[in-house]
Every structure is written in C-alpha cells, then in structure tokens.
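# Coordinate analysis (summary)
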Amino acid sequence: MPRREGRTNAGRRRAGPSAGLDGDPTIRGPAATIASCLKETRMGWLRINDALAGEPGAEITVKGWIRTRRDSKADGGMSFLAVADGTCFDAIQAVARHDLPNYQSEVLRLTTGCAVEVDGTLVASQGKGQAVEIAAREVRVVGWVDDPDTYPVPQKRHTFEYLREVAHLRVRTNTFGAVARVRHRLAMSIHRFFDERGFFWVHTPIITASDAEGAGQMFRVSTLDAMARGDAAGGVDFSEDFFGREAHLTVSGQLNVETYCTALSRVYTFGPTFRAENSNTARHLAEFWMVEPEIAFADLLDDEKLAEDMLKFVLDDLLTHRADDMAFFDQRIEPGLIARLRDIVEKPFRVLPYTDAVRVLKESRKSFDFPVEWGSDLQTEHERYLTEEHFKQPVAVINYPKSIKAFYMRLNDPGTDGAPAETVAAMDILVPRIGEIVGGSQREERLEVLDARIAEMGLDPGPYWWYRDLRRYGTVPHAGFGLGFERLILLATGMANIRDVIPFPRAPKQCEF
RNA sequence: UCCCCGAUAGCUCAAUGGUAGAGCGAGCGGCUGUUAACCGCUAGGUUCAAGGUUCGAAUCCUUGUCGGGGAGCCA
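Everything numeric in this text was worked out from a predicted model, so none of it was measured. (Residues numbered from 1 in each chain as written. Chains lettered and ligands numbered in written order. Predicted model: local features only at pLDDT ≥ 70, side-chain atom pairs only at ≥ 80, totals over all residues. Heavy atoms only, no water.)

## Details of the confidence of the model for chain A
Summarising the model, chain A shows a mean pLDDT of 87, and 88% of its residues fall at 70 or more. Per-element averaging of pLDDT across chain A places helix α1 (residues 2-15) at the bottom with 28 and strand β6 (residues 200-201) at the top with 98. Scored below 50 in pLDDT, residues 1-33 makes 63 contacts in the model with residues more than four places away or belonging to other chains. Model confidence for the complex is summarised by a pTM of 0.90, with the ipTM given as 0.91. (pLDDT = per-residue confidence, 0-100. Helix = DSSP H or I, 4+ residues; strand = E, 2+ residues; numbered from the N terminus. Contact = heavy atoms within 4.5 Å.)

## Thoughts on the protein's contact with RNA strand B
Near RNA strand B, the surroundings consist of 50 residues, among which K128, R164, T281, H284 and R487 are the closest. Protein-proximal atoms of RNA strand B, defined as those within 4 Å of the protein, fall in sugar or phosphate at a share of 51%. In the model, a base nitrogen of RNA strand B is placed 2.4 Å from a nitrogen or oxygen of the E133 side chain. Element by element, the count of residues in the surface near RNA strand B is highest for strand β15 (residues 435-442), at four residues. Per-class residue counts for the surface near RNA strand B are 12 nonpolar, 21 polar and 17 charged. (Near = heavy atom within 4 Å. Polar contact = N/O pair within 3.5 Å; in protein donor to acceptor, adjacent residues only side chain to side chain. Nonpolar A, V, L, I, M, F, W, Y, C, P; charged D, E, K, R; others polar.)

## Digging into the packing of aromatic side chains
Inspection of every chain in the model, using the stated rule, returns 19 aromatic pairs. Seen from their ring centres, F270 and W289 are 6.0 Å apart, and the 85° between their planes marks the pair as edge-to-face. One end of the pair, F270, is in strand β10 (residues 266-274); the other, W289, is in strand β11 (residues 287-296), and 19 residues separate them in sequence. A relative accessible area of 8% places F270 in the buried class. One aromatic cluster is present, built from ring pairs that chain together F193, F194, F199, W201, Y268 and F313. The aromatic ring of F313 is capped on one face by R197, whose charged end is 5.3 Å from the ring centroid. (Phe/Tyr/Trp six-rings, centres within 6.5 Å; stacked < 30°, edge-to-face > 60°. Buried < 20%, exposed > 50% of the residue type's maximum accessible area, 1.4 Å probe, protein only. Lys NZ or Arg CZ within 6 Å of the ring centre and 35° of its normal.)

## With respect to the pairing of strand β4 (residues 115-124)
Most of β4 is tucked away, with seven of its 10 residues classed as buried. Bridge count for β4 against strand β5 (residues 132-143) is 10 bridges, and the pairing is antiparallel. Paired with L122 across the bridge in β5 is I134. (Pairing = 2+ DSSP bridges.)

## Digging into the environment of T259
Turning to its location among the elements, T259 is positioned in helix α7 (residues 254-264). Along the chain, T259 and L108 lie 151 residues apart, while their C-alpha atoms are 63 Å from each other. The contact partners of T259, leaving out residues within four places of it in the chain, are W466 and L470. For T259, the side chain forms a polar contact with the main-chain oxygen of N256, separated by 2.6 Å.

## Some points on the pairing of β11
Burial analysis of β11 places eight of its 10 residues in the buried class, the great majority of the element. Here β10 pairs with β11 via nine bridges, running antiparallel. Residue pairing for β11: P272 is matched across the bridge by W289. Pairing analysis gives five bridges linking β11 to strand β16 (residues 478-484), with the strands arranged antiparallel. Within β16, the residue paired with A296 across the bridge is H478.

## Considering the sheet that holds β15
With mixed pairing, the eight strands of this open sheet are ordered in space as β6-β10-β11-β16-β15-β14-β13-β12. Strands at the two margins of the open sheet, each flanked by one partner only, are β6 and β12 (350-353). Pairing between strand β13 (residues 395-401) and strand β14 (residues 423-431): six bridges, direction antiparallel. Paired with V397 across the two strands is D428, which belongs to β14. Relative to β11, α7 is tilted by about 30°, and along the sheet it contacts β6, β10, β11 and β16. Against the sheet, helix α11 (residues 354-363) engages β12 and β13, with an angle of about 90° to β12. (Axes fitted to C-alpha atoms, helices over the stretch in contact; angles between N-to-C directions.)

## Some points on the sheet that holds strand β8 (residues 220-221)
Here three strands make up an open sheet; going across it, the order is β7-β9-β8 and the pairing antiparallel. The open sheet has two edge strands, β7 (207-208) and β8, and neither has a second partner. Pairing of β8 with strand β9 (residues 247-249) involves two bridges; the strand directions are antiparallel. Counterpart to R220 in the pairing with β9 is H248.

## What to know about the pattern of salt bridges
As enumerated under the stated definition, the model contains 39 salt bridges in all. One salt bridge connects R140 with E117, and the closest N-O pair in it is separated by 2.8 Å. Highlighted residues: R140 in strand β5 and E117 in strand β4, separated in sequence by 23 residues. Judged by its relative accessible area of 27%, R140 falls in the partly exposed class. (Salt bridge = Lys/Arg side-chain N within 4 Å of Asp/Glu carboxyl O.)

Right, dumping it as structure tokens:
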C-alpha cells in the first residue's frame, strides 16, 4: 500500500520544480525522464525513488544497501534482492539469476546491510508486491557485512530503545529513514512558508554573552582550563576567558532576532538551541532545533494566526509530498495519524483565554492531581484534558497571568478577559499528545513598562542595554513565537519519543554519537 | 531533580533459592517468481558492575551505572 503511494508521490515530485537529482540543476522539470537523468547526471546512476517511477525497458544502475535477500531454486536458481538507497520509503527489487558470474561466490552470500551496485533493465515485475523490478545484468558488491550474526540492525523488529544504542545504524531501518525524510521535508517547507511571505532568515548567534536570557539553565562556553577542571569555584576571572566575559550556548534566538525585526519587519531564526536542564522526558532534549519568527507592527492575535498558518502549511505539504512515509506512520506507528493531521490542517484552532481555560477545567469536574487555580501554570494533565478530551483539537491559550511568564511579554490592560489579576499577551499552542508545541507572545514595546518588569523580576538591566535600545529608537508593537522543531516532528509522525526524531539526541548522560 | 519499574543469547523475553530456556535474527539444508514466507537442523550466555546473605544466587540485600514510564522545567 505505501509502495503504491510512494510511486504516485515520486511521479508528482519528478514533475515539480524541485525535482531532480541531488546537485544537478540540469535534471529538473517535467522533461526529466529516466533516460535524461542517466544521460545528464554526472553520477550516472538512478535514485531508487526515480527508478520505481520509471518506464519498463530502461537500462539503469542503482546503488544502495541490501534490505533482504530471498532465494528461489526455480529456473536453475535466482535471488531477489531488496535494495534501498533512502531516497524513498520503498526498496527496489533486483532479480539476480544463477548465470551471473558471481552468483555462487557473491550474490548468495549477500546479507542485510551489504552495499551493492546493480546494473540491469527495468522490467514489469512477474511477482506480486511491486510493479517494476530490475532484471540484473551485473551485481557489484561494494561493501560486505563482516558478521551477519552481530550486524546490529538485521531485518527484524527492534525496539526504539535498542536502536538508540546503535544510532549510527538506525537510519537504515524503515522508521528512521522515514523520520529523516520527514524531518527534511518539514525543515524545507518551514523555510518555504516564511520565504513566500517575505520573511528573512536571520542567523542569530549560537554563543551568547548575556547569561540571563531567562529560559533555563545554560551550557557554559569557556577555554579556561580551570573551568574544565571545575576547581575554580567562585574565583573565576572571566576577563581571562576567550570572550573576556562569561559566555554560554544560546537558549533562544529571540532577543537577537527582535533587533532584525525592528528593521526588516518579518524575520525568523531556525537553528540549534541548548538547554542544560536535567530533563528526562520523551519531550525534552539538551540540544534541539527551534523556529522563532518575529513580526513587527503585529499583536498577539497576528502571532497566533502566523503560528496556526505555519503549522497547517507544513503539515499539508508533508501529507502531499511525503505520502509514502506518512502512509507508513499511519499504518505502523500511530493508526489514524493521517486523519488527525488532516483535521488539524482543516479546522481553525481554538483560541482560548487562560482565564476561560481555568473555568473550563474547573467546570470539567475532573479530579486532577494538581488543583486548578487562576494564577498557577497549566499542568500536563490540564493541557491534555483541554486538547484531548474537551476540545479534541489544537488549542491556543492566550493572556496568561503575569506572574508565571517572562519579563519581555507585553502587559495587558487591566481586566482583559475578565481576569482577576494582571495578565500578559502570551500564547501557548497546545496539541494533543505532545502538549506545548509553540510558545509565544506579543513583546513589551513600552520602555517604561519593560524596565518596571525587569526590576520587578530582580533582573540586572545592564546586559539588556541593546534590547532596551529597541524601545528607545522607533519602538513598534511586535510579536513572535518559538516552535520546537522536534515536537513538530513528533506531531507529524506519531513517534512517541523526541530522542527518535533527531539524528543524534543529546540529553542528560547521553552524548555517545 | 523526584516517584515507580527494569537490566538474562545479536534482539525481545521466560526461568521466584537447587542442571539457564523460547521466539525472532544468524549459519547450514529442504521447498518456492520470492517478498512479515514455510519446514528441518546447528551455533550462540562472565544472567549490567561491585560487595554482601546462603551449603547453594539470574532469583534475596546494599551501592553504583544505564534504560523505560510518570512528574517538574520548557520548545
């Protein structure tokens, strides 16, 4: 079933403007047939994604890794080789007959994981399960698997926990190959979404000197030997350090990107982010990727609309352009996934003031482990109730109590939403199963209010001098949000653990690969 | 970081104080235009580490390491 959709998909992609062989701009557009690919590409072989969409009769070469080998004694002996190169979900079947010169000596010794090159003719398959296959003229073994008995990823069921221990090989499995392609597609369509709307991608720094970005524990960046030995507690002279001051890995590009927002109007960051929190959950990483747009002349509802439009855009694009992988996730990882994603794409999100959310939770008469009180943050169980039971859809909770949110969020007028105390223009988008996927706000653009908030929270205004300048020189209402990229992948694939949607996860006590 | 659970063959698990087994995978053979195949045979274990209790420990106790589930922090 996914095979069929894979070919349909491949045909559509080939016809699109971005189709073609990697790195070869000549292979583009509807004219890209198999023959022209072979003729024009310097590499001289065919991606299996294109081979599966090809017309029988073509002479082709594919290169990839053996998924399975099945032998038959029929017609004097033949082997069926499933060869995958990662360009699509499916492998292609190559049929190697006994009269190949290396049939006894090599083909019959092929095992899962071996690297091969296959020359042959693309033909309509005589068997069920695939429309086309390669009648092999030559099978060249490029790389053997030295011990099939201990090859870490043979063709069998594996737990994700085990595969994490062999992260260098897990991408050879169906699931992790699909995750990798989906991750790429989502990243590219995020860029496309913003580019089409006139946003500029800003490369905010990875290393930051402001140690008070306010979003959790930070990793230190230092070249001081004393720091590495950890024996300089209290007496560190950071003027001797590389940057001449204390430096850390960024926990957010937001403050930096706000500067570009107040000149380029619509900007975003998309890059790695680091949190040194000792978080041991299926939803947290120490190193993750975050998308942070920032829009000028905009308020909180503009911000919510942007986040909602972006999520819908990228999920719709994914369902259209990675149909093969999505069919797999729908069948094997989370049954009903595609229908749920379609629902997210098609229905408007529920926008719910925090004050109303508290009322909904209280009126639910559910017995929560943590009681619901106006002024306290929503617990995981509360978020799940709202998105999974009550509304059964993504919910954008807006206008949170001032006391539980960051200093840069814009102070609302008293009485907004009938709240009993002061609120800020914050916004969290909650989705079923994942919880918070987007966290954003309208920023405080009034200098005197911002200063009051900094003082109120006991922060040192010194390091924020340039951030405050933005409020002194042509300040404008503006807003933005942060999207956890890996959480988006969880939502899109139905995968349960965030460590399985990033190639090499970094988490407490985990930095092996 | 807190609470709970776990670690035995390449992988997933059984064995509840008395000779460590099965399924999958792997190897060999049989059958088959095969495709989560099917049938037969074979190999494969310092039972996470260190210490303790006991005539005897995979099993009970202590500590540590790592993993999982839940929570907090958040994206």
